[in-house]
Amino acid sequence: MADSMEKLVALCKRRGFAYLASEIYGGLANSYTYGPYGVELKNNIKQLWWKTFVHNRVDMVGIDGPILLHPKLWEASGHVGGFNDAMVDCKNCKKRYRADHLIEKATGKDLEGNLEEMSAELAKNEIKCPNCGKADWTEARFFNMMFKTEMNGLDGAIYLRPETAGAIFIEFKNVLDTNRVKIPFGIAQIGKAFRNEIVAGNFIFRLREFEQMEIEYFIDPEKAWEDIFEQWFNDQMSFFLKLGAKEESLRRYEHPKEKLSHYSRKTVDVEFLYPFGWGELCGLANRGDFDLTQHSDASGQKLEYFDATNNRRFVPHVIEPSFGLDRAILMTLLSAYTEEGEGEEQRVVMKFPKVVAPVKIAVFPLLRNKPELIAKAEEVFKQLNTRWHCEFDDNGNIGKRYRRQDEIGTPYCVTVDFDSLEDDSVTVRDRDTMEQSRIPISELVNYFTNNLV
Ligand code: ATP
């Protein structure tokens, strides 16, 4: 586990997991580009999520909706009126902060939502600006976090979606009409979401453009929901363990009843111990029939379910497991980061679970200037690369190549040496144990089929 964000950010840049975006123009706020290994890791996490929560279950289907959706959706959902954070500016240095975050850090109080109280609390406690140290604040005021843009043919503003869930609710009827889904069932979606966060930061923890993996799980309001809710919570936890989280770095945070939105019966977050402290990794909420009812009222369309077994028509309740992909990536990177050994033997190794490792196998010819070694290594590479994502590397000495693959988190390195030309075998080196085994080339596919699971 990485004990500092700096080390992880440096490794991500050095090895091509994530770069500060727009860097040649001086960077743009806290935005990042996933580099060649970052995008592989990201895709693997997405695929694992889809496999776990959609393909491996009989009660789930997926959709992929647009980022630009009808503005009425965000009025009905409450985002136009209420998706606000409280901000304050330091009058001295002009830096902007989340008022509730400043107060919570200084006093432990959670005053979300009450502007007057926040302003009073800042003044009373003389809370200092983290940037310049002065305690001279503007009044706290609300700021809507949705990004606005324009669309040809449409009067007024249109928004970049602040969450993916909205598209799921408005397609509820289409999914019912076109699929043989029966309650309880869920609809999943992965995609970009945009929030004009007052302060973005902590690398990919808080971004303004990020990706979510969300599920709306529709249930019968007359049946008990607590067990279904707990099962989802356990499934969320298991997913993070599969990504390599240690149990002690995950915890359950249950939102106190008085802090819940009026429609929520229960909200629980999974929190992760980041180097900067505990923070949200994903959420789970029972949102009742709020969303379907709101969209039904605003659109004039009935969003109901008909249960043919007992001739009942009802508006389902919904349980919402909501994952942030970038936070899942951050958690996976932090959990994988390992420093081992001493002196010459010291290494940094990303111990990713094999299923999400960006590269599964690296193939090395021992020397780059020996055509017969290169030819043999290319043969091995071709054989493996059609099945697993592989990398071919003939740069520098073998030790350096191992270090590079360790930092990328490649589970296996295969070296073709002079003996290989005689005995048609290669050396396979294990990332975690660093043990080396001699394996016949004809056995490699079998070997990796058994070991890369
Ligand atoms: P936070 O309290 O950290 O702002 P939130 O409670 O607003 O998060 P939700 O609205 O529940 O977050 O969104 C679901 C998930 O989306 C979060 O658990 C998180 O993983 C992810 N997420 C939300 N905001 C961001 C962001 N600005 N950058 C990256 N991921 C985010």
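Draft legend 1. The arrangement of the overall build of the chain in detail. A tally of regular secondary structure across the chain gives 15 helices and 23 strands. Projected onto its principal axes, the C-alpha coordinates of the chain cover approximately 75 × 65 × 45 Å. Per-residue burial for the chain yields a buried fraction of 51% across its 453 residues. Of the contacts formed within the chain by residues at least 6 apart in sequence, a portion of 65% connects residues at least 24 apart. Total accessible area on the chain is roughly 22,200 Å²; 48% of this is exposed by carbon and sulfur atoms. Both charge centroids of the chain, one from 59 positive and one from 71 negative side chains, sit 2 Å from each other.

Draft legend 2. Highlighting the pairing of strand 9 (residues 185-194). Burial of strand 9 is extensive: 9 of the 10 residues sit out of reach of the surface. When strand 9 meets strand 10 (residues 209-219), the two strands line up antiparallel, connected through 10 bridges. Across the sheet, I187 pairs through a bridge with E216, a residue of strand 10.

Draft legend 3. Broad picture of a nonpolar patch on the surface. Together, L367, F418 and L421 line one region of the surface with nonpolar side chains, adding up to about 220 Å² of accessible area. Residue position: L367 is located in the loop between strand 19 (361-365) and helix 12 (371-385). Judged by relative accessible area, L367 falls into the partly exposed class, the value being 34%.

Draft legend 4. Looking closely at the site of the ligand. Inspection of the region around the ligand gives 14 residues, with E197, R206, L207, E280 and L281 positioned closest. The contact in question runs from a nitrogen atom of the ligand to an N or O atom on the backbone of F205, over 3.3 Å. Residue Q212 places a side-chain N or O atom 3.2 Å away from an oxygen atom belonging to the ligand. Its free accessible area being 590 Å², the ligand has 80% of it covered by the protein chains. For the shell around the ligand, the elements supplying multiple residues, two or more each, are strand 10, strand 13 (277-288) and strand 16 (317-324). Examining the composition of the shell around the ligand, we find that 4 residues originate from one element, strand 13, more than from any other. Its residues placed into classes, the shell around the ligand shows 5 nonpolar, 4 polar and 5 charged.

Draft legend 5. Spatial organisation of the pattern of salt bridges. For the structure on display, the rule yields 37 salt bridges. Notably, a salt bridge pairs D394 with R368, separated by 3.7 Å at the nearest N-O pair. You can see D394 sitting in the loop between strand 20 (390-392) and helix 13 (398-408) and its partner R368 sitting in the loop between strand 19 and helix 12, a full 26 residues away along the chain. Here the residues in one salt-bridge network are E340, R347, K351, R403, D406 and R429, joined through shared partners.

Draft legend 6. Representation of unusual backbone geometry within the structure. Residue P184 is bonded to the preceding I183 through a cis peptide linkage, with omega at 5°. Within the secondary structure layout, P184 lies in the loop between helix 8 (172-178) and strand 9. At K94, a position not held by glycine, the phi torsion is positive, near 70°. Note that K94 resides in the loop between strand 4 (84-89) and strand 5 (96-98). By relative accessible area, K94 is classed as exposed at 62%. Not every positive phi belongs to a glycine, and F203 is a case in point at roughly 60°. Here F203 lies in the loop between strand 9 and strand 10.

Draft legend 7. The arrangement of the packing of helix 2 (residues 36-55) against helix 11 (residues 325-336) in detail. Contact pair helix 2 / helix 11: the axes reach a minimum separation of 10 Å and the direction vectors enclose 110°. The angle between the axes of helix 2 and helix 11 places the two elements in the roughly perpendicular class. Handedness of the helix 2/helix 11 crossing: right-handed. Counted together, L41, K42, I45 and K46 of helix 2 and L325, A328, I329, T332 and L333 of helix 11 form the full contact between these two elements. For the contact of helix 2 with helix 11, a count of residues per class yields 6 nonpolar, 1 polar and 2 charged.

Draft legend 8. Just the side chain of D393, in detail. Note that D393 resides in the loop between strand 20 and helix 13. For the buried D393, no salt bridge is present, and the opposite-charge side chain at shortest range is R404, 4.3 Å distant.

Draft legend 9. A look at the nonpolar core. One finds F239 and F240 to be the most contacted residues of the largest nonpolar core, which totals 63 residues. The residues touching F239, leaving out its near neighbours within four places in the chain, are I45, L48, W49, T52, F53, M213 and F323.

Draft legend 10. Inspection of the packing of aromatic side chains at higher detail. For the structure on display, the rule yields 31 aromatic pairs. Residues F272 and Y274 carry aromatic rings whose centres are separated by 5.0 Å and whose planes lie at 80° to one another, so their mutual orientation is edge-to-face. Accessibility expressed as a relative area gives 0% for F272, which makes it buried. Both rings, one in F364 and one in Y402, keep their centres 5.9 Å apart while their planes meet at 50°; by these two values the pair is tilted.

Draft legend 11. Quick look at the packing of helix 1 (residues 5-15) against helix 11. As a packed pair, helix 1 and helix 11 sit with axes 11 Å apart at the nearest point and diverge in direction by 100°. By the criterion of interaxial angle, the relationship of helix 1 to helix 11 is roughly perpendicular. Packed against helix 1, whose contacting residues are M5, L8 and C12, the element helix 11 presents L330, L333 and L334 at the interface.

Here is what the cut-offs are and how they apply
- Residues numbered from 1 in each chain as written.
- Predicted model: local features only at pLDDT ≥ 70, side-chain atom pairs only at ≥ 80, totals over all residues.
- Heavy atoms only, no water.
- Helix = DSSP H or I, 4+ residues; strand = E, 2+ residues; numbered from the N terminus.
- Buried < 20%, exposed > 50% of the residue type's maximum accessible area, 1.4 Å probe, protein only.
- Contact = heavy atoms within 4.5 Å.
- Areas by Shrake-Rupley, 256 points an atom, 1.4 Å probe, with all protein chains shown as cover.
- Lys, Arg positive; Asp, Glu negative; His and termini not counted.
- Charge placed at Lys NZ, Arg CZ, Asp CG, Glu CD.
- Pairing = 2+ DSSP bridges.
- Patch = residues over 30% accessible without salt bridge, like charges linked within 9 Å, V, L, I, M, F, W, Y side chains within 5 Å.
- Salt bridge = Lys/Arg side-chain N within 4 Å of Asp/Glu carboxyl O.
- Near = heavy atom within 4 Å.
- Polar contact = N/O pair within 3.5 Å; in protein donor to acceptor, adjacent residues only side chain to side chain.
- Nonpolar A, V, L, I, M, F, W, Y, C, P; charged D, E, K, R; others polar.
- Axes fitted to C-alpha atoms, helices over the stretch in contact; angles between N-to-C directions.
- Parallel < 35°, antiparallel > 145°, perpendicular 65-115°, else oblique.
- Left-handed = near helix turned anticlockwise from the far one by under 90°.
- Core = buried A, V, L, I, M, F, W, Y, C linked by side-chain atoms within 4.5 Å.
- Phe/Tyr/Trp six-rings, centres within 6.5 Å; stacked < 30°, edge-to-face > 60°.

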